[in-house]
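Results of the structural survey
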Amino acid sequence: MLLEQLGRIDLNLLIILQVLLEERNGSKAARRLHLSQSAVSKALGRLRETFNDPLFIRSAYGLEPTGRALALQQQLQPILLSLDNLIQPPEFDPVNSEREFVIASMDSAFTLFAPLYLSELKRQAPRIRLRYEEWTENSLTEMSQGQVDIAFAVRENCISSDYRLDTLPDSICQRVLAVDDLTCLVQQHHPALREPNWNLEHYLSYPHVQTYCEGRDRWMLDHKLAEQDLYRRIEATVPSFEAALRMGMHSDMIVTLSRLYARHATQVYPLLQLPLPIGLDSISHLLIWHQRHSEDPGHRWLRELLLSLIMSKLEPAATTHG
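What this report covers is the structure whose coordinates are included nearby. (Residues numbered from 1 in each chain as written. Predicted model: local features only at pLDDT ≥ 70, side-chain atom pairs only at ≥ 80, totals over all residues. Heavy atoms only, no water.)

So, on to the packing of helix α2 (residues 12-23) against helix α3 (residues 26-33). At a minimum axis separation of 9 Å, α2 and α3 run at an interaxial angle of 130°. One way to sum up the angle between α2 and α3 is to call them oblique. For the pair α2 and α3, the sense of crossing is right-handed. Contact residues: α2 offers I15, I16, V19, L20, E22 and E23, while α3 offers G26, K28, A29, R32 and L33. Along the lines of polarity and charge, the residues of the contact of α2 with α3 split into six nonpolar, one polar and four charged. (Axes fitted to C-alpha atoms, helices over the stretch in contact; angles between N-to-C directions. Helix = DSSP H or I, 4+ residues; strand = E, 2+ residues; numbered from the N terminus. Parallel < 35°, antiparallel > 145°, perpendicular 65-115°, else oblique. Left-handed = near helix turned anticlockwise from the far one by under 90°. Contact = heavy atoms within 4.5 Å. Nonpolar A, V, L, I, M, F, W, Y, C, P; charged D, E, K, R; others polar.)

Below is the structure:
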């Protein structure tokens, strides 16, 4: 049946028919449906016209269904059950769910945040699956198309940046996980460590390794320097922060990255920290998702768990409820 034809049928009649089939009594059906007996009688008349069949025959025992009515009952029950399931609020049981969530993330965000939530997440939801994808210049589009559930992203808090919080599409919801700034890492025997007065001139005199991310290899730092007609000597561009750290370990190239991530890096790699010798606006680490998922119980469970665990375990000074 075409939808246009179905639209001409009052679907409430099917509910009345099902109750009449269950009760086999007009008065009982009326009470159960909170309708008058007259309204039920009129509905039965319309049902008879719709199906071109008397549907019920009065007897000493009440309403006896015809063969057509009994055949309709077999079809009606699963249909009405499906409709009932359709309108019920969806539920999410983390203990038994086998749902897959797609998470987009830069490698630095994965390294920084995954240890804060992963063990507890898997304890609460041992059967869910997590599929991680690299955060790229296409990730926002993929999120809008439903290919990415949730993402960790970074935005610059500089009014002149094209990558501010308020440049995200209106359809993208966001929560700030932490406000951060930039610092420098160098290998343990780097000549910069012997500079008596570490300053911008020294910083620019050494080679740098740059991370290519989200379709760009120039950041707020580079634009700030360019305003003063200053430039870093970038001798290598790599696709991940982990690669940048390894480049810095084995050369005199300076790695410039977020302070939170640098804290992790110095625990894992033989690198030492130097302050970034230029004033810059902060950056924000974000958890983002498309607004279509806002009321999805499973999605809401996931993001609330991530937010709670990450923000409780990061340094208090770095977190914000923005």
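This paragraph deals with the sheet that holds strand β8 (residues 207-211). An order of β9-β8-β10-β7-β11 is seen for the five strands of this open sheet, with the pairing classed as mixed. Lying at the two open borders of the sheet, with one neighbouring strand each, are β9 (233-238) and β11 (271-275). With direction set aside, neighbouring strand axes in the sheet form an average angle of 35°. Judged from the five bridges that link them, strand β7 (residues 182-187) and β11 form a sheet pairing that is antiparallel. Each bridged residue has a counterpart across the sheet, and for L185 the counterpart in β11 is Q273. Those strands touched by helix α11 (residues 259-268) are β7, β10 (254-258) and β11, and its axis lies near 120° from that of β10. (Pairing = 2+ DSSP bridges.)

A separate point is unusual backbone geometry. For H34, which is not a glycine, the phi torsion comes out positive at approximately 60°. Owing to a relative accessible area of 72%, H34 belongs among the exposed residues under this scheme. Of note, the phi angle at N52 is positive, near 55°, even though the residue is not glycine. Relative to the elements of secondary structure, N52 occurs in the loop between α4 (37-51) and β1 (56-59). Its relative accessible area of 71% is what places N52 among the exposed residues. (Buried < 20%, exposed > 50% of the residue type's maximum accessible area, 1.4 Å probe, protein only.)

Quick look at the environment of R259 now. With respect to the element layout, R259 can be found in helix α11. Assessed through its relative accessible area of 36%, R259 is described here as partly exposed. Expressed as a C-alpha distance, the spacing of R259 and D181, which sit 78 residues apart in the sequence, is 5.8 Å. Residues within four places of R259 in sequence aside, it is in contact with D180, D181, L182, T183 and Q273.

Right, let's get into the nonpolar core. Counting residues in hydrophobic clusters, the biggest one holds 50 residues, and the most contacted among them are W135, L185, Y203, L245, L257 and I288. Of all the elements, β7 adds the most residues to this core, at four residues. The contact partners of W135, leaving out residues within four places of it in the chain, are A104, S105, M106, L140, A151, F152, A153, C213, E214 and I288. Ranked by size, the runner-up nonpolar core spans 29 residues in total, among them A109, I128, L177 and L260. (Core = buried A, V, L, I, M, F, W, Y, C linked by side-chain atoms within 4.5 Å.)

Attention shifts here to α3. All of the buried residues in α3 are G26, A29, A30 and L33. Down the axis of α3, the buried set is contained in an arc of 100°. They therefore lie on one face. At its buried positions, α3 is contacted by α2, α4 and β2 (62-65). Its side-chain oxygen at 2.9 Å from the backbone nitrogen of S27, N25 defines the N-terminal cap of α3. (Arc of directions from axis to C-beta. Polar contact = N/O pair within 3.5 Å; in protein donor to acceptor, adjacent residues only side chain to side chain.)

Before going further, it helps to examine the pattern of salt bridges. Tallied over the entire structure, the rule returns 13 salt bridges. Linking R32 and E23 is a salt bridge whose minimum nitrogen-to-oxygen distance equals 3.0 Å. Residues joined in a network through salt bridges with shared partners are E100, R129, R131 and E133. (Salt bridge = Lys/Arg side-chain N within 4 Å of Asp/Glu carboxyl O.)

For the rest of this paragraph, the subject is the pairing of strand β4 (residues 129-134). Bridge analysis of strand β3 (residues 100-105) against β4 gives six bridges, and the strand direction is parallel. Across the sheet, residue S105 finds its bridge partner in β4, namely E134. In this view, the connection linking β3 to its parallel neighbour β4 by way of helix α6 (residues 107-124) has right-handed handedness. (Right-handed = clockwise from strand over helix to strand, strands pointing away.)

Mapped onto the elements of the fold, S294 is located in the loop between β12 (283-290) and α12 (297-313). S294 gets classed as buried once you look at its relative accessible area, which sits at 16%. Here the side chain of S294 touches W289 through a polar contact of 3.4 Å, side chain to side chain. Once residues within four sequence positions are removed from consideration, S294 is found in contact with C173, W289, R300 and R303.

Attention now goes to α6. Here α6 is 18 residues long and its end C-alpha atoms lie 25 Å apart, about the 26 Å a rise of 1.5 Å per residue gives. The largest bend along α6 reaches roughly 55° and is located at A114, with the proline P115 sitting one to four residues downstream. Of all the positions in α6, only S108, A109, T111, L112, F113, A114, L116, Y117 and L121 are classed as buried. (Expected span 1.5 Å × (residues − 1). Bend = angle between axes of the 7 residues up to and from the residue.)

All right, on to the sheet that holds strand β6 (residues 172-180) then. Ordered by their spatial adjacency, five strands build an open sheet running β4-β3-β5-β12-β6, and the pairing between neighbours is mixed. The open sheet has two edge strands, β4 and β6, and neither has a second partner. Sheet twist, expressed as the mean angle between neighbouring strand axes with direction ignored, is 25°.

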